[in-house]
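Structural overview for review
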Amino acid sequence: QKLFIDEVDLQSTRDNVQDGHWGTGEITVKDTSSTVSERSVIISTSYIAHVDIENPVLGISIYSPSGQGLVDANTYQSKKRTGSIKKGQIIYVTWEIPNIFVKGKYRISTGCTDSSMRRTLDQVAYSGSFRVNRDTPTGGIVFPQVKIKSFKYSKSIQKTEALNG
């Protein structure tokens, strides 16, 4: 992920970056919004096609308050074929992510590539953000629900030697 961000930063100094967008512009991110609940974060993004294109890959990334990449998701990973998109069509994608986040403000990055994922059609490093305000009993950067698969102890008490001899 860091490598990709470095690449975007490098490209943004020399290529066609306009209004925070980087890429060919064949499809562009139109709007991104988010809603946070106790159980999930919903991220909705719309894209507009400026050419006819087959099966573009649409995706999002979420970055921690300190800038660490936490979540990457796209239509390819989700096994969702986007199909034949016609010039002028608006594509709407809504993502639901379990709310595993600790208190803080998270940055959303959105983008899309061609079907080979080799050509960036649009990348927006800062499409939006969301805030989590709940307190969590962890020092970690995420707080997923972790289930204990097994818990047991021996039936008998073992004699132990003194620690220092």
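Below: a short report on this structure. (Residues numbered from 1 in each chain as written. Predicted model: local features only at pLDDT ≥ 70, side-chain atom pairs only at ≥ 80, totals over all residues. Heavy atoms only, no water.)

This brings us to the pattern of salt bridges. Counted under the stated rule, the structure contains 3 salt bridges. Ionic pairing is found between Arg 119 and Glu 26, a salt bridge with its closest N-O pair at 3.0 Å. Highlighted residues: Arg 119 in the loop between strand 9 (104–113) and strand 10 (120–132) and Glu 26 in the loop between strand 1 (21–22) and strand 2 (27–36), separated in sequence by 93 residues. Across the salt bridge formed by Arg 134 and Glu 38, the nearest N and O atoms sit 3.3 Å from each other. (Salt bridge = Lys/Arg side-chain N within 4 Å of Asp/Glu carboxyl O. Helix = DSSP H or I, 4+ residues; strand = E, 2+ residues; numbered from the N terminus.)

To continue, consider the sheet that holds strand 8 (residues 90–98). Ordered by their spatial adjacency, 3 strands build an open sheet running 2-3-8, and the pairing between neighbours is antiparallel. The sheet is open, and its two borders are formed by strand 2 and strand 8, each paired with just one other strand. Between one strand and the next, the sheet's axes are offset by a mean angle of 15°, whatever the strand orientation. (Pairing = 2+ DSSP bridges. Axes fitted to C-alpha atoms, helices over the stretch in contact; angles between N-to-C directions.)

Looking now at the nonpolar core. If you look at the biggest cluster of nonpolar residues, it comprises 26 residues, and the most contacted ones within it are Ile 43, Tyr 47, Ile 62, Phe 101 and Phe 130. Elements represented by at least two residues in this core include exactly strand 2, strand 3 (40–49), strand 5 (57–63), strand 6 (69–74), strand 8, strand 9 and strand 10. Residues within four places of Phe 101 in sequence aside, it is in contact with Val 41, Ile 62, Leu 70, Val 71, Tyr 106, Phe 130, Val 132, Arg 134 and Phe 143. (Core = buried A, V, L, I, M, F, W, Y, C linked by side-chain atoms within 4.5 Å. Buried < 20%, exposed > 50% of the residue type's maximum accessible area, 1.4 Å probe, protein only. Contact = heavy atoms within 4.5 Å.)

Moving on to the sheet that holds strand 10. With respect to topology, 5 strands assemble into an open sheet ordered 1-10-9-5-6, the strand pairing being antiparallel. Only two strands of the sheet have a single partner each, and these edge strands are strand 1 and strand 6. Taken together, the 2 bridges between strand 1 and strand 10 define a ladder with antiparallel strand orientation. Paired with His 21 across the strands is Val 124, a residue of strand 10.

Let's shift gears to the packing of aromatic side chains. Note on aromatic pairs: each is described by the distance of the centres and the angle between the planes. Counted under the stated rule, the structure contains 3 aromatic pairs. Ring plane angle 55° and centroid distance 5.0 Å describe the contact between Phe 101 and Tyr 106, whose orientation is recorded as tilted. Assessed through its relative accessible area of 1%, Tyr 106 is described here as buried. Seen from their ring centres, Phe 101 and Phe 130 are 5.4 Å apart, and the 70° between their planes marks the pair as edge-to-face. Here the residue Phe 101 occupies a position in the loop between strand 8 and strand 9, and Phe 130 occupies one in strand 10, the gap between them amounting to 29 residues. This pair shows no difference in class: Phe 101 is buried, exactly as Phe 130 is. Members of the aromatic cluster, joined through ring pairs, are Phe 101, Tyr 106 and Phe 130. Note that Arg 107 overlies the ring of Tyr 63, its terminal NZ or CZ placed 4.0 Å from the centroid. (Phe/Tyr/Trp six-rings, centres within 6.5 Å; stacked < 30°, edge-to-face > 60°. Lys NZ or Arg CZ within 6 Å of the ring centre and 35° of its normal.)

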